[in-house]
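For reference, the chains in residue letters:
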Amino acid sequence: MKKLFITLMLVSAFAAVQAQMLISKDVTISFFSKAPMEDIDATSKTAASGINVKTGEVIFKINNNSFQFKKKLMQEHFNENYMESDTYPVSEFKGKIIDPVDFSKPGTYNVAVKGNLQIHGVTKTYQTQAKITVTADAVTANTTFRVKLEDHKIKIPTIVIAKIAEVVDVKINAVYPTKN
Amino acid sequence: MGLGLSSTVFAQDSLEKALQMPATKSQVSATFKSPKLINIQTNETIFKNELDFRVDHRFGDIAGQSGGIKNFFGLDQSTDVRIGFEYGISDDLSVGIARAKGAGPATQLYEGNLKYRLLRQTGNEKMPLSVTLFGSSTISAVKASTDPTSAIAYQDFQDRIVYVVQAVIARKFSPDFSMLIMPSYVHRNFTVFGDQNDLFALSIGGRIKITKRMAFVADYTLPFRDDTKKAYLENLWGNKYYNTLGAGLEFETGGHIFHLNFTNATAIQESQFITDTNTSWTKGQYRWGFSIARRFSFDKKKDKAQ
């Protein structure tokens with residue numbers, strides 16, 4: 001009887017957790033930087049994200065080596081020399097949606113998001129604006145922000161400084177399905 | 001009551017747990033930074049639609065009989081120079097052409113080569129090694145010698161060709177350390193009198209990162225020449241055969257790779273240094289060498305389409 005009760009409790013707790021969490025595997029993260037020699041542009045479609053509807057907590061996680069570059073050599077350099085993906089395989093953001101969002105009501109919400117972004121093993125606090133769109137069957141989140149490479153101890157040797165911008169624009173688009 | 005409590009406790013860190021990260025891409029990249037180490041090939045090929053332009057240079061002996069201040073420690077001479085282009089047909093297959101001065105009697109070399117990645121080491125250790133095959137044929141355009149015992153007493157065109165087949169077996173042990181072992185087979189259609197046409201060799205090589213952009217590289221090649229033939233040749237020509245050892249520094253600047261090295265091999269091409277290295281470290285017959293490689297990407301069309 002006791003066992004049954006615990007099982008029931010766990011199952012319902014799990015269900016409750018599931019209901020208040022939006023999980024997205026359809027996350028596109030791209031970054032772009034314009035430099036005199038050549039533009040750097042990479043996209044990953046294999047990031048993951050979650051939103052806790054009750055608390056407003058958000059999380060994004062991405063495997064650094066999932067970024068696809070048009071030039072493969074650039075991709076190799078990104079992983080080997082700048083991101084050091086062997087040592088720091090994952091970048092993540094853990095934060096909170098500051099402004100209230102009613103996830104049960106369709107509409108567009110412009111909100112502020114604040115939290116810690118960890119790239120290259122270095123964590124920094126960021127605050128940015130995000131747009132959250134709630135429709136009948138999905139929640140979509142969009143945001144852009146700028147990352148200064150120096151803030152995350154990503155060093156550019158002087159010899160290639162003209163080739164690589166020191167600030168990159170990051171763009172995120174995540175779709176959280178609310179219906180199965 | 002109990003239910004409410006447990007679900008809030010859950011919610012704190014389960015947001016992170018609920019995230020299922022896709023498996024990381026498992027292929028190990030950048031075992032080496034360049035398709036070539038010092039004397040030998042690495043398992044690396046260039047990417048699709050990339051062109052690798054490479055210049056190799058070997059100076060004269062630093063020390064020993066012909067070295068020293070009178071030829072400015074070898075800088076007054078060049079034993080071999082090679083200019084090569086490589087093009088990536090796919091990420092796994094590249095094709096190359098090269099012109100080399102050539103060391104020894106067979107000079108004016110034209111080389112065509114193919115390099116194919118057979119296996120790639122994976123991150124999950126399912127495949128612990130990378131294997132790349134390399135094949136080249138080199139033609140010497142030198143004027144044939146009339147001395148029938150000479151290495152260049154070519155009778156017809158066929159005699160001028162040397163074939164090399166190699167299998168590079170490599171492993172990246174850590175982000176800072178990679179090693180390779182490579183069996184080679186060299187077939188010379190024509191050799192100096194008394195030498196063998198077929199020769200097997202075994203090479204080892206490695207790379208240790210010193211900083212993010214500088215690495216120590218070294219390679220060693222051991223040819224298996226028939227003992228009686230070797231003794232005969234050394235006796236006849238008065239030249240000993242030596243194994244080759246190269247060591248140097250590799251600099252990477254993003255697009256360019258520079259090598260600064262020392263090696264006892266006078267020749268650059270596989271078709272020559274494996275079979276005909278008559279210069280020894282212990283006699284001061286080692287030299288400065290350098291190489292400069294630049295990669296160009298030809299993926300402009302794709303750039304615009306996306």
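Definitions and cut-offs
Note that residues are indexed from 1 along each chain, following the sequence as it is written. Throughout, the order in which chains and ligands are written sets their labels, letters from A for the former and numbers from 1 for the latter. At least 70 in pLDDT is required for a residue's local features to be given in this predicted model, at least 80 for side-chain atom pairs to be given and counted, and no such filter applies to totals for whole chains, interfaces and linings, which use all residues. In computing side-chain values, all of the structure's heavy atoms are included and hydrogens and water are not. Counting from the N terminus, the helices are DSSP H or I runs at least four residues long and the strands are E runs at least two residues long. A simple rule labels every residue: compare its accessible area, found with a 1.4 Å probe on the protein chains alone, to the largest value its type can have, and call it buried under 20%, exposed over 50%, or partly exposed in between. In this analysis, two residues are considered to be in contact whenever any of their non-hydrogen atoms come within 4.5 Å of each other. Here the Shrake-Rupley method, with its probe set to 1.4 Å, supplies the accessible areas, and only the displayed protein chains count as covering residues. Strand pairing is assigned whenever DSSP identifies at least 2 bridges connecting the two strands. Fitted lines through C-alpha atoms give the axes, limited to the stretch in contact for helices. The angle between two N-to-C directions lies from 0 to 180 degrees. When two rings of Phe, Tyr or Trp (its six-membered ring) have centres within 6.5 Å they constitute a pair, described as stacked for plane angles under 30 degrees, edge-to-face for angles over 60, and tilted for the intermediate range. Sitting over a ring, as applied to charges here, requires NZ of Lys or CZ of Arg to be within 6 Å of the ring centre and within 35 degrees of the ring normal.

S.K.: Summarise the overall build of chain A; cite the residues concerned and give the values.
M.R.: Within chain A, the regular secondary structure consists of 2 helices and 9 strands. Counting helices and strands in the order they occur from the N terminus, chain A gives α-β-β-β-β-α-β-β-β-β-β. Counting the 180 residues in chain A, one finds 49% classified as buried. Contacts in chain A between residues far apart in sequence, at least 24 positions, make up 57% of those at least 6 positions apart. Total accessible area on chain A is roughly 9500 Å²; 58% of this is exposed by carbon and sulfur atoms.

S.K.: Report on the sheet that holds strand S1 (residues 50–59) of chain B, specifying residues and quantitative values.
M.R.: Around the barrel, which closes on itself, the 12 strands sit in the order S1-S2-S3-S4-S5-S6-S7-S8-S9-S10-S11-S12 (chain B) with antiparallel pairing between neighbours. In this sheet, neighbouring strand axes are inclined to one another by 20 degrees on average, regardless of whether the strands run parallel or antiparallel. Across the sheet, helix H2 (residues 72–82) of chain A touches S1, strand S6 (161–174), strand S8 (198–209), strand S10 (244–252) and strand S12 (287–297) of chain B, and the angle it forms with S10 of chain B is around 90 degrees.

S.K.: Describe in detail the pairing of strand S2 (residues 78–88) of chain B, supporting the description with residues and values.
M.R.: Residues and elements named next belong to chain B. Two elements, S1 and S2, share 9 bridges in a ladder whose sense is antiparallel. By the bridge assignment for S2, Phe53 is matched with Phe85. As defined by bridge partners, S2 adjoins strand S3 (residues 93–100) across 7 bridges and the pair is classed as antiparallel. Counterpart to Gly84 in the pairing with S3 is Ala98.

S.K.: Go over the pairing of strand S3 (residues 57–63) of chain A with me, naming the residues and quoting the values.
M.R.: All names here are of chain A. For S3, the tally of buried residues reaches 7 of 7 residues, placing the bulk of the element in the interior. Neither face of S3 is exposed, since Glu57, Ile59, Lys61 and Asn63 on one face and Val58, Phe60 and Ile62 on the opposite face are all buried. As judged from the 4 bridges shared by strand S2 (residues 40–52) and S3, these two strands associate in the antiparallel manner. Residue pairing in the sheet places Ala48 in a bridge with Lys61 of S3. Hairpin connection from S2 to S3: 4 residues lie between these consecutive antiparallel strands, with Gly56 at a positive phi of about 80 degrees. Pairing of S3 with strand S5 (residues 90–97), which is carried by 7 bridges, proceeds in the antiparallel orientation. The residue of S5 that forms the bridge with Glu57 is Lys96.

S.K.: Any details on the packing of aromatic side chains? Residues and values, ideally.
M.R.: What the rule picks out here adds up to 16 aromatic pairs over all chains. Pairing Tyr185 of chain B with Phe200 of chain B gives two aromatic rings, centres 5.1 Å apart and planes at 40 degrees, and the pair type is tilted. In this pair, Tyr185 of chain B is assigned in strand S7 (residues 177–188) and Phe200 of chain B in strand S8, connecting sequence segments 15 residues apart. Look at Tyr185 of chain B and you get partly exposed, because its relative accessible area is 27%. By the ring-pair criterion, three or more aromatic residues cluster together here, those being Phe31, Phe67, Phe69 and Phe78 of chain A. Across the ring face of Tyr126 of chain A, the terminal group of Lys124 of chain A is positioned such that the distance to the ring centre comes to 4.7 Å. Across from the ring centre of Tyr110 of chain B, 5.0 Å away, lies the NZ or CZ of Arg99 of chain B, which sits over that ring.

S.K.: Describe unusual backbone geometry, with residues and values.
M.R.: Residues and elements named next belong to chain A. Non-glycine residue Glu84 carries a positive phi angle of around 50 degrees. On the secondary structure map, Glu84 appears in the loop between H2 and S5. Backbone geometry places Lys153, a non-glycine residue, at a positive phi of 55 degrees. Within the secondary structure, Lys153 sits in the loop between strand S8 (138–148) and strand S9 (167–177).

S.K.: Describe the environment of Lys229 of chain B, and please don't skip the residues or the numbers.
M.R.: Of note, Lys229 of chain B is situated in helix H2 (residues 227–237). Lys229 of chain B sits 134 residues away from Val95 of chain B along the chain, and the two C-alpha atoms are 35 Å apart.

Shape is all these values report; function is a separate question.
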